[in-house]
Amino acid sequence: MKSKTVLITGASAGFGRIAAEMLLHRGHRVIAALRGGQARLEKEFLAAHLQTGRLHAVDLHLEQPGTFRAAVSEVAQKFQGRLDVLINNAGYGQMGPVEILDEALLRKQMEVNFFGTALLTQALLPAVREAGGRIINVSSIVGRVGLPFYGAYAASKFALEGYSESLWYDLRPLGVQVGLVEPGGYRTEFSPKVSREGLPSADPTGVYAHRLDLFRKSVAKKNFSPGRDPTDVARVMVRLSERRRLPFRTVLGGDAKLAVFIRRLLPEWLRLRLMDWTMRRKFFAE
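Keep in mind that what you see is a predicted model, and the values were worked out from it rather than measured.

Here we look at the side chain of S140
Reasoning step 1: One can find S140 in the loop between β5 (134-138) and α5 (151-171).
Reasoning step 2: A distance of 2.9 Å separates a polar side-chain atom of S140 from the backbone nitrogen of V142.
Reasoning step 3: Those residues in contact with S140 that lie beyond four places of it in its chain are Y153, K157, E161, V181, E182 and P183.

Looking at the pattern of salt bridges
Reasoning step 1: Tallying each qualifying case throughout the model produces ten salt bridges.
Reasoning step 2: Salt-bridge contacts for E103 lead to R107; the nearest nitrogen and oxygen are separated by 2.7 Å. Of this pair, E103 and R107 are both found in helix α4 (residues 103-131), four residues apart, which corresponds to roughly one turn of the helix.
Reasoning step 3: The network of salt bridges with common partners includes R144, E161, E182 and R249.

Here's the deal with the nonpolar core
Reasoning step 1: In terms of nonpolar packing, the biggest core is built from 30 residues, with L7, L60, L83 and I135 touching the most fellow members.
Reasoning step 2: Taken together, the elements giving at least two residues each to this core come down to β2 (29-34), α3 (68-78), α4 and α5.
Reasoning step 3: Sorting elements by how many residues they give to this core places α4 first, with nine residues.
Reasoning step 4: If near-sequence neighbours (up to four positions away) are discounted, I135 is found in contact with L86, N88, T121, L125, V128, L167, L171, V176, Q177, V178, G179 and L246.
Reasoning step 5: Counting 28 residues, the second largest nonpolar core, distinct from the first, contains F15, L23, V181 and A234.

Describing unusual backbone geometry
Reasoning step 1: For Q80, which is not a glycine, the phi torsion comes out positive at approximately 55°.
Reasoning step 2: Checked against the element boundaries, Q80 lands in the loop between α3 and β4 (85-88).
Reasoning step 3: Relative accessible area serves as the criterion here: at 64%, Q80 is assigned to the exposed category.
Reasoning step 4: Of note, the phi angle at F149 is positive, near 70°, even though the residue is not glycine.

Thoughts on a nonpolar patch on the surface
Reasoning step 1: A cluster of nonpolar side chains, contributed by L258, F261 and L265, occupies part of the molecular surface with about 320 Å² of accessible area.
Reasoning step 2: Within the secondary structure, F261 is located in helix α9 (residues 254-265).

Concerning the environment of T278
Reasoning step 1: Assignment of secondary structure puts T278 in helix α10 (residues 268-283).
Reasoning step 2: With relative accessibility at 32%, the residue T278 sits in the partly exposed group.
Reasoning step 3: Only 2.9 Å separates the side chain of T278 from the backbone oxygen of L274, close enough to count as a polar contact.

Calculation criteria
Along each chain, residue indices are assigned from 1 in the same order as the chain's sequence is written. Owing to the predicted nature of the model, reporting of local features is limited to residues with pLDDT of at least 70; listing and counting of side-chain atom pairs is limited to 80 or more, with chain, interface and lining totals taken over all residues. Only hydrogens and water are removed before side-chain values are computed, so all heavy atoms of the structure are retained for them. Under the scheme used here, helices are H or I runs from DSSP no shorter than 4 residues and strands are E runs no shorter than 2 residues, and both carry numbers assigned from the N terminus. Residues adjacent in sequence count toward polar contacts only when both atoms are side-chain atoms; beyond that, a polar contact is any pair of N or O atoms within 3.5 Å, and within protein one must be able to donate a hydrogen and the other to accept it. The criterion used for residue contact is that any of the two residues' heavy atoms lie within 4.5 Å. Put simply, a salt bridge is a Lys or Arg side-chain nitrogen that is within 4 Å of an Asp or Glu carboxyl oxygen. Note on terminology: a nonpolar core comprises buried Ala, Val, Leu, Ile, Met, Phe, Trp, Tyr and Cys residues joined through side-chain atoms within 4.5 Å. Accessibility here uses a 1.4 Å probe with only protein chains present; expressed as a share of the type maximum, an area under 20% marks a residue as buried, one over 50% as exposed, and anything in between as partly exposed. Patch definition: residues above 30% relative accessible area lacking any salt bridge, with like charges linked at up to 9 Å and the nonpolar side chains Val, Leu, Ile, Met, Phe, Trp and Tyr linked at up to 5 Å. Using the Shrake-Rupley algorithm and a 1.4 Å probe, accessible areas are obtained, with residue cover drawn only from the displayed protein chains.

Following this line, the structure appears as structure tokens:
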């Protein structure tokens, strides 16, 4: 198997960190894009791989496009301006009823999950095109199915899905492949981080106060996310990096596959009512 140069964002935790380690074990060259860059990389993880010369790091913040220059420079100087695989994995979830999310929260969600990803891809596309490479955008099943209190997050992922499909058409004649990974719920830091940082405060007398309190408690539960191993998603990301043909959509997890199946099978009015009933039981049960 030919060794590839792979840049992966969000490499400090979750799917990104596991995938980075797997790629290194399989002999690929990895540029880990994470907040803190090389200093954080050496301090926190993957230190054993630093001696191989196949692991590099860039300090990258998706909401700060000025930091993207370091990634472009890394590829240009160390990899002859060629990037075989770009995995846009980084993102976060801003939850809550959209009425009480202020403009700053809404804009930050889109800046990180959509605009940052789109602009980073734009900056690195010459290198990906030079290599005849591929772009793998990590979306979510919430990029295809909206959920209560997921409005801002769903909007960012819906945007990423439409962008990725158009990018597929744009780049296919140029020999660059584009694919989406759409996971359902997995056992990562996503839900604990949402419960700590990703929910706004509500007026205790407001119309959303009670449901927001129930939602917060649901997200904080240890069993909120299914027990599925995030390694399964990382393994698929690695396989998609290596295989000859990249499928446009890869849906992962029983809940995600069920949601897609129901969307295809049921009329819209029935699907919405079924989803409403299911989500009330999951998020808002007393």
